[in-house]
Amino acid sequence: MNQARIPFFKLAPANMQAMITLSGTVKKSSLGPRLVELINLRISQINGCGVCVDMHWRDLIKQEVEPRHLNAIAGWREAPASFFSERERAALNWAEAVNALPHKHPGDADFDLLKSHFSDNEIAEMSYAIAVIRGWNVINASLHSQIPEVPPPGM
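Model, not experiment: these values are computed from the prediction.

Trainee: Looking at this model, I keep getting lost on the environment of Met 55. Mind explaining?
Mentor: Along the chain, Met 55 turns up in helix α3 (residues 50–62). Residue Met 55 is classed as partly exposed on the basis of its relative accessible area of 22%.

Trainee: Before we go on, may I ask you to explain the packing of α3 against helix α7 (residues 120–142) in this structure?
Mentor: When two helices pack together, you describe them by how their axes are tilted relative to each other and by the distance separating the axes. For the pair α3 and α7, interaxial distance at closest approach is 8 Å and the crossing angle is 135°. For the element pair α3 / α7, the angle class is oblique. Residues Val 51, Cys 52 and His 56 of α3 form the contact with α7, whose own contacting residues are Ile 133, Trp 136, Asn 137 and Asn 140. Along the lines of polarity and charge, the residues of the contact of α3 with α7 split into four nonpolar, three polar and no charged.

Trainee: What am I meant to see in the state of the cysteines here?
Mentor: Should the sulfur atoms of two cysteines be covalently bonded, the bond is a disulfide. On inspection of all chains with the given rule, the structure shows zero disulfides. This cysteine, Cys 49, is not joined by any disulfide, and Cys 52 carries the nearest cysteine sulfur, 3.3 Å off. Given a relative accessible area of 2%, Cys 52 falls into the buried group.

Trainee: Looking at this structure, how should I read the pattern of salt bridges?
Mentor: Two side chains of opposite charge can pair, provided their charged atoms sit close to one another. Applying the stated criterion across every chain yields a total of eight salt bridges. Measuring nitrogen to oxygen at the nearest pair gives 4.0 Å for the salt bridge that ties Lys 27 to Asp 59. Placement of Lys 27 in helix α1 (residues 13–27) and of Asp 59 in helix α3 is noted, with a sequence separation of 32 residues between them. Looking at Lys 27, the relative accessible area reads 34%, which means it is partly exposed. Under the relative-accessibility criterion, Asp 59 is labelled partly exposed at 24%. Arg 87 is the salt-bridge partner of Glu 122, the closest N and O atoms lying 3.0 Å from each other. Remark: Arg 87 occurs in helix α5 (residues 86–99) and Glu 122 occurs in helix α7; sequence separation between them is 35 residues.

The rules behind the values
Residues numbered from 1 in each chain as written. Predicted model: local features only at pLDDT ≥ 70, side-chain atom pairs only at ≥ 80, totals over all residues. Heavy atoms only, no water. Helix = DSSP H or I, 4+ residues; strand = E, 2+ residues; numbered from the N terminus. Buried < 20%, exposed > 50% of the residue type's maximum accessible area, 1.4 Å probe, protein only. Axes fitted to C-alpha atoms, helices over the stretch in contact; angles between N-to-C directions. Parallel < 35°, antiparallel > 145°, perpendicular 65-115°, else oblique. Contact = heavy atoms within 4.5 Å. Nonpolar A, V, L, I, M, F, W, Y, C, P; charged D, E, K, R; others polar. Disulfide = S-S within 2.5 Å. Salt bridge = Lys/Arg side-chain N within 4 Å of Asp/Glu carboxyl O.

Remember that the coordinates give geometry; whether it matters functionally is a separate question.
See below:
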């Protein structure tokens, strides 16, 4: 698809601002910007949201994450231990399990792994992170938002 269905970035400004605010709050959470962006990138890959994949990949590059590590995120389970920490792997596992809802529910083993690396507050913050990126993915993918040839400032 070469064309967006509607210019949703220009429509429903109150809703747009609420999503932007939640996204900003998530990025300032105790999870840290790298982990939030790794979650954003991985969930966006799974959900086929090109706009979000492009945006979060670029953000991680700005954070000086190795490009090879980012290329491996789709296969993070097979990536060397030096690419992603155990904490990041637990978060990626949980993000994928939650993103699979409603077709599959996160299991107790998934949650136990998460609990071994994150506090209850961090788990709550991660839940918002997963929810907001899924929301952006749903909007962008369903409305065929296009990857900008030249990203606008702040995106």
